[in-house]
Amino acid sequence: MVCTGKDMALAAQLIREGKLVAFPTETVYGLGADAFNAATVARVFETKERPSFDPLIVHISSIDQLDELFLGPIDPRVYKLAEAFWPGPLTIVHNKQPHVPDLVTSGLSTVAVRMPSHPMALELIRQSGKAVAAPSANKFGCLSPTKAEHVIKQLKTIDYVLDGGATTIGVESTVVSVSEAGVKILRHGAIIREAIANVVDVIDEKDKVDTQGLPAPGMIKSHYSPLKPLYILKEGIPETLPAGSGIIVNDARVMPHLPEVKNMALSQDGDLNEMAVNLFATLHAMEDDEQVREIYIQPVEEKGIGRAIMDRLRKASYNYQK
Ligand code: TXA
Ligand code: MG
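Here the structure is a predicted model, which is why all the values come from computation and not from measurement.

J.: Please explain the overall build of the protein as it appears in this structure.
T.: For the protein, the count of helices and strands is 9 helices and 14 strands. Here the protein has a C-alpha radius of gyration of 19 Å; the compact-globule value for 322 residues is 20 Å, and the two agree. Counting the 322 residues in the protein, one finds 56% classified as buried. Accessible area for the protein stands at about 13,600 Å²; split by element, carbon and sulfur atoms hold 52% of it. Of the side chains in the protein, 33 bear a positive and 40 a negative charge, and the two mean positions are spaced by 2 Å.

J.: Got a minute to help me understand the site of ligand 1 in this structure?
T.: Surrounding ligand 1, one finds 26 residues, the nearest of these being Thr27, Arg50, Asp54, His59 and Ser173. Within the side chain of Asp54, one N or O atom sits 2.7 Å away from an oxygen atom of ligand 1. Between ligand 1 and the protein, one listed contact pairs an oxygen atom with a side-chain N or O atom of His59 at 2.7 Å. Alone, ligand 1 offers 680 Å² of accessible surface; in the complex the protein occludes 96% of this. For the shell around ligand 1, the elements supplying multiple residues, two or more each, are β4 (57-59), β6 (110-114) and β10 (182-187). For the shell around ligand 1, the element with the most residues is β6, which contributes 3 residues. Among the residues making up the shell around ligand 1, the classes are represented as 13 nonpolar, 8 polar and 5 charged.

J.: Mind showing me how you'd approach the sheet that holds β6 here?
T.: Pairing between sheet strands relies on hydrogen bonds along the backbone, with the strands arranged either parallel or antiparallel. Read from one edge to the other, the open sheet built from 10 strands follows the order β1-β8-β2-β3-β7-β4-β6-β5-β9-β10, with strand pairing classed as mixed. Two strands in the sheet have a free side with no partner beyond their single neighbour: β1 (4-5) and β10. Across 3 bridges, β4 lies against β6 in parallel orientation. Across the sheet, the residue bridging to Ile57 is Ala112, located in β6. Packing of helix α5 (residues 119-128) onto the sheet brings it into contact with β2 (21-23), β4, β7 (132-133) and β8 (160-162), and relative to β2 it is tilted by some 145 degrees.

J.: How should I be thinking about the domain arrangement of the protein in this particular structure?
T.: Accessible area lost on assembly of the parts is the figure often given for the size of an interface. Entries for the protein in the domain assignment read domain 1 (4-197) and domain 2 (230-320). A C-alpha centroid distance of 28 Å is found between domain 1 and domain 2. Surface buried jointly by domain 1 and domain 2 totals about 1,500 Å² across both partners, of which 60% is contributed by carbon and sulfur atoms. For domain 1, the biggest contributors to the area lost against domain 2 are Leu143, Val171 and His188; these three give 36% of the whole. Linking domain 1 to domain 2 there are 4 salt bridges. Scanning the region where domain 1 abuts domain 2 turns up 8 residue pairs in polar contact (both at pLDDT 80 or more). Those elements giving two or more residues to the side of domain 1 that touches domain 2 turn out to be α6 (148-154) and α7 (193-197). Top element by residues in the side of domain 1 that touches domain 2 is α6. It accounts for 3 residues. Among the residues forming the side of domain 1 that touches domain 2, the class breakdown is 6 nonpolar, 10 polar and 6 charged.

J.: Would you mind going over helix α1 (residues 8-16) with me for this structure?
T.: The α-helix winds at 3.6 residues per turn, so residues separated by three or four positions along the chain end up facing the same way. Every buried residue of α1 is accounted for by Met8, Ala11, Ala12, Leu14 and Ile15. Down the axis of α1, the sector holding all buried residues measures 160 degrees, keeping them to one side. Where α1 is buried, its residues contact β2, β3 (30-34), α5, β7 and β8. With a side-chain oxygen lying 3.4 Å from the backbone nitrogen of Ala9, the N-terminal cap of α1 falls on Asp7. A positive phi of about 85 degrees marks Gly18, the residue just after α1.

J.: Quick question: what am I supposed to make of the pairing of strand β12 (residues 245-249) here?
T.: Walk down a regular strand and you will see the side chains alternate between the two sheet faces. With 5 of 5 residues buried, β12 is to be regarded as a mostly interior element. Burial of the side chains of β12 extends over both faces: Ser245, Ile247 and Val249 are buried on one face and Gly246 and Ile248 on the other. The sheet contact formed by β12 and strand β13 (residues 261-265) spans 5 bridges and is parallel. Looking at β13, one finds that Ser245 is bridged to Val261. Pairing analysis gives 4 bridges linking β12 to strand β14 (residues 294-297), with the strands arranged parallel. Within β14, the position partnered with Gly246 by the bridge is Ile295.

Cut-off values and rules
Residues numbered from 1 in each chain as written. Chains lettered and ligands numbered in written order. Predicted model: local features only at pLDDT ≥ 70, side-chain atom pairs only at ≥ 80, totals over all residues. Heavy atoms only, no water. Helix = DSSP H or I, 4+ residues; strand = E, 2+ residues; numbered from the N terminus. Rg over C-alpha atoms; globule rule 2.2 N^0.38 Å. Buried < 20%, exposed > 50% of the residue type's maximum accessible area, 1.4 Å probe, protein only. Areas by Shrake-Rupley, 256 points an atom, 1.4 Å probe, with all protein chains shown as cover. Lys, Arg positive; Asp, Glu negative; His and termini not counted. Charge placed at Lys NZ, Arg CZ, Asp CG, Glu CD. Near = heavy atom within 4 Å. Polar contact = N/O pair within 3.5 Å; in protein donor to acceptor, adjacent residues only side chain to side chain. Nonpolar A, V, L, I, M, F, W, Y, C, P; charged D, E, K, R; others polar. Pairing = 2+ DSSP bridges. Contact = heavy atoms within 4.5 Å. Axes fitted to C-alpha atoms, helices over the stretch in contact; angles between N-to-C directions. Domains from an automatic or database assignment. Buried area = accessible area lost by both parts, 1.4 Å probe. Salt bridge = Lys/Arg side-chain N within 4 Å of Asp/Glu carboxyl O. Arc of directions from axis to C-beta.

Given below as structure tokens:
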């Protein structure tokens, strides 16, 4: 049984002792470990069953911690982005200091860093006195956790879950790389492209390779998947579905109430931010319902945070095309 609670001092002590602590951020729950303790970081990969080629994000609580992670001279655009969006759901990838463990960065010459805005996350990092490596606290490829119970469902061998209730954004941070080639979005997320482009120039996203010529991490085609088939509804809301289906529409006002089908909506009135908040919890509810054998979901408009939602849905349904 995984121990869950709100004991901040214990959680911070466990991080210092090289244990694994799941904690809330404003996006999703993270599985935290001392980033400079290679043995603990190895346990993160093992626990998540995550391939070693997929690097972790290091979480900080103070801008002063950047110097131990990013190699100087740090590009001024890093500071511009940090000033505009930290603390908050933006992850910045930049050249790493040599002593950042290769395990954290999957051997890349860059490291991903973010300062979360969730007060419990900031306090945990501050009290632990560490830089905290934290992927999302789920099994690799499975649904992301937006509540403590989602973490416990998937990760049975971690040392503590710091329970902060439901997260307030619901999709992961936006990941950008800052390099001589420019600022590139590697993963769409809570901070929308337009907001980033207001601060720095953003280069074209079609070119999804990093400065070392490798495919950028985070471009894995199948990800965030429930443990049952998920189909995106391409031709509107159907009038019937087989018994034992689940349907998720994006606006409660158009929910169809199909018989012998679990009908759910991501928002009350079509608000994209509310859809993001509810996305993973709704998919978890479908996954947990033994009556539901397959899930159908309505696509959302690809503007603002809708881009991040559709990125998750395409990956979540990648193995199920109709
Ligand atoms: O909102 C979030 O970002 C959450 C919370 C816990 O902070 N974390 C999260 O971590 O989503 P994870 O491990 O599920 O996703 C990290 C993403 C992956 O797509 C990974 O490939 C990418 O960041 N990444 C990490 N380091 C990178 C690097 N050096 N270069 C390029 N991409 C990197
Ligand atoms: Mg993840």
